[in-house]
Amino acid sequence: MAIAQSVLEIVLDECRRHRMKTVDRINVQVGALAAVVPEALTFCFQVVAQGTPAENAALDIETVPVVMRCPLCGELFEMEDRLDMCPQCGPVVSGLSLISGREMTVMSIEGRGSDDGA
Ligand SMILES: [Zn+2]
């Protein structure tokens with residue numbers, strides 16, 4: 001629910017900035033570690049967006065992989081299911097740094113404004 005709420009805040013902000021009346025589509029990227037279930041996020045978003053210009057918007061959710069950096073070889077790699085393995089060095093006890101995978105980013109918003117003649 002918290003993620004849906006933050007998506008909505010970003011969307012409404014953009015909406016005001018671009019004078020949109022209706023939001024049709026929202027493209028969101030979520031990191032694999034954010035543990036977002038697309039269906040659940042869509043459902044929650046529809047709940048929190050009730051009564052706002054985004055209430056009928058379709059949510060397009062793309063999951064982006066978790067990227068880590070190995071402290072031993074400096075390699076950047078995508079994490080699949082184990083959070084402690086470097087493809088070069090094998091298991092890494094500590095020091096792996098998370099480069100991406102936990103974030104939620106609103107990539108773009110499509111909508112209709114009041115002054116574009118549509
Ligand atoms: Zn390594």
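Refer to the structure above for everything that follows.
Residues numbered from 1 in each chain as written. Predicted model: local features only at pLDDT ≥ 70, side-chain atom pairs only at ≥ 80, totals over all residues. Heavy atoms only, no water.

With that settled, the discussion passes to the side chain of Asn27. Along the polypeptide, Asn27 turns up in strand 1 (residues 20-31). Under the relative-accessibility criterion, Asn27 is labelled buried at 17%. Polar side-chain contacts of Asn27 include one of 2.6 Å to the side chain of Ser108. Asn27 has contacts with Asp60, Thr105, Val106, Met107, Ser108 and Glu110, leaving out every residue within four places of it along the chain. (Helix = DSSP H or I, 4+ residues; strand = E, 2+ residues; numbered from the N terminus. Buried < 20%, exposed > 50% of the residue type's maximum accessible area, 1.4 Å probe, protein only. Polar contact = N/O pair within 3.5 Å; in protein donor to acceptor, adjacent residues only side chain to side chain. Contact = heavy atoms within 4.5 Å.)

We now examine the coordination of the zinc ion. Of the protein atoms, only Cys70 (SG), Cys73 (SG), Cys86 (SG) and Cys89 (SG) coordinate the zinc ion, at distances of 2.2 to 2.3 Å. Every donor counted, the four donor atoms about the zinc ion form angles of 106 to 113° at the centre, which fits tetrahedral coordination. Binding-site remark: the zinc ion is held by donors from one chain whose sequence spacing is C-x2-C-x12-C-x2-C. A residue pair is termed long-range when its members are at least 10 positions apart, and Cys70 in the loop between strand 3 (66-69) and strand 4 (76-79) and Cys89 in the loop between strand 5 (85-86) and strand 6 (90-91) qualify at 19 residues. Accessibility expressed as a relative area gives 1% for Cys70, which makes it buried. Looking at Cys89, the relative accessible area reads 33%, which means it is partly exposed. (Donors = N, O, S within 2.8 Å, 3.2 Å for Na, K, Ca; no water. Tetrahedral: all angles 85-135°; square planar, octahedral: opposite > 155°, others 65-115°.)

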